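# Working through the structure, step by step
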Amino acid sequence: MPAAKDGKLELLNEKNSALVLVDFQPTMFSGIGSSDKTIIRNAAYCSAKAASILGVPVVLSTINPDHNGKFIGDIQKLFPKEEAIARKVPSFDAFEDEKTYAAFKKTGRKKVVVAGLWTSMCFCYTALHALRDGYEVYGLVDAAGDSTPDAHKYGIKRMLQAGVIPITTESLVSEWMHDWGNPKAMDLVRDVYSHYGYMIGLQ
């Protein structure tokens, strides 16, 4: 049973969390065999769009963009002032790259929402790195995929066993928004909810 002061009981909001998206690049998408690539891409886009609306800091990281392609453009365009950082250290763990990790630490946030391609590698290793360093880590599980269903499944299981908190895009956006009194609520309905899932949308 978690203690009453456990930080994991505090809901995510735009002031206590950051979003880190790892290796959403064309070649990485082409190798996904675990689930529908369009759903994964849409989940990543909608989480990024919600972050842009609410002012949640976002860090974008890529591996070998000359070979794997640039970070997907529809997300990159949401953050014209943010660089999609090409890691100098070609590690599967994005936080082993000094510039990428410095960009996250500069946000000053204790809670980090992570998603990436592929689940069992760059997503998992980055999330575990953040856990080791004492951050509260939330794994955006529907914005991730891997080469096979088992690779995705057991990548998720490994993270959960280590202490990563699972979350999905619709839940994340709702937690960031908190309630319908949020002044950005209708922007989120129009630009996020109505483009993801079936729970909420414009009629």
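Conventions used here
Residues numbered from 1 in each chain as written. Predicted model: local features only at pLDDT ≥ 70, side-chain atom pairs only at ≥ 80, totals over all residues. Heavy atoms only, no water. Phe/Tyr/Trp six-rings, centres within 6.5 Å; stacked < 30°, edge-to-face > 60°. Buried < 20%, exposed > 50% of the residue type's maximum accessible area, 1.4 Å probe, protein only. Helix = DSSP H or I, 4+ residues; strand = E, 2+ residues; numbered from the N terminus. Lys NZ or Arg CZ within 6 Å of the ring centre and 35° of its normal.

## Focus on the packing of aromatic side chains
- In the structure shown here, the tally under the stated rule is eight aromatic pairs.
- Seen from their ring centres, Phe95 and Tyr101 are 4.5 Å apart, and the 25° between their planes marks the pair as stacked.
- You can call Phe95 buried: its relative accessible area is 2%.
- With a centroid separation of 6.4 Å and an interplanar angle of 10°, the aromatic rings of Tyr101 and Phe104 are classed as stacked. Of this pair, Tyr101 and Phe104 both sit in helix α5 (residues 98-106), three residues apart, roughly one helical turn.
- Residue class for Phe104 comes out buried when judged on its relative accessible area of 0%.
- Ring-pair connections join several aromatic residues into one group, and the members of that group are Phe95, Tyr101, Phe104 and Tyr135.
- Taking NZ or CZ as reference, Arg41 lies 5.8 Å from the ring centre of Phe29, over its face.
- Its end group placed over the ring of Tyr135, Lys110 keeps NZ or CZ at 5.5 Å from the ring centre.

## Digging into the environment of His67
- In this structure, His67 sits in helix α3 (residues 65-68).
- The sequence separation of His67 and Thr27 amounts to 40 residues, and the corresponding C-alpha distance is 7.8 Å.

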